[in-house]
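Structure at a glance
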Amino acid sequence: MAILKIKKLTPNAIIPNYQSEEAAGFDLCASENLTLERGKWALIPTGLSFSFPKNYEIQIRPRSGLALKYGITILNSPGTIDSDYRGEIKVIVINLGEEAFKINKGDRIAQAVFCKVKKANIKVIQELDETKRGKGGFGSTGK
């Protein structure tokens, strides 16, 4: 099992944990108070930095309850934290809801999933193999 090392950068930072035994993601919490106006986005600090092995990443994803109840989601979802990044973990949160949303220190704002990464062997070629779908894009396979 790979180890995720966490450094608290601020005294009020919350160490993440899994909310249930089989949860895939652990919650990230805000380390500052902020009001997010309707239609606006902000970079929310967590007060934490991470260290973990190469060939892993952490994906930042929205919390379903915030999305459903308030229209709060992650702007670049899923966001990626690379294994060589040592800065503060911050989350780009957007308010798609109908009213301003208050974020308090300690509020759970996102979930993070620790994932194994496989790198591609990139090869430039002149032609791709053909498939039944071909160049059919958005909606081409049905509703």
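The structure we're discussing is the one just above.
The structure reproduced in this document is the subject of the present report. Every chain begins its residue count from 1, and numbering advances along the sequence as written. Confidence filtering applies because this is a predicted model: local features only for residues at pLDDT of at least 70, side-chain atom pairs given and counted only at 80 or more, and all residues used for totals across whole chains, interfaces and linings. With hydrogens and water stripped out, all remaining heavy atoms of the structure feed into the side-chain values.

Some remarks on the sheet that holds strand β4 (residues 41-45)
With antiparallel pairing, the three strands of this open sheet are ordered in space as β4-β9-β7. Across the chains shown, the open sheet's two edge strands, defined by having one partner strand only, are β4 and β7 (72-74). When strand polarity is set aside, the average angle formed by the axes of neighbouring strands in this sheet is 40°. When DSSP finds at least two bridges between two strands, those strands are taken to pair. Think of it this way: any DSSP run of H or I at least four residues long counts as a helix, any run of E at least two long counts as a strand, and we number them from the N terminus. Bridge count for β7 against strand β9 (residues 90-95) is three bridges, and the pairing is antiparallel. Counted as the bridge partner of I74 is V93 from β9. In this analysis, axes come from line fits to C-alpha atoms, helices being fitted only over the stretch in contact, and the angle between any two N-to-C directions falls in the range 0 to 180 degrees.

What about unusual backbone geometry?
Most peptide bonds take the trans configuration, and most residues that are not glycine carry a negative phi. Between S77 and the following residue, P78, the backbone shows a cis peptide bond with an omega angle of -10°. Tracing the backbone through its elements, the reader meets P78 in the loop between β7 and β8 (79-82). Of note, the phi angle at N55 is positive, near 70°, even though the residue is not glycine. In this structure, N55 sits in the loop between β5 (48-51) and β6 (56-61).

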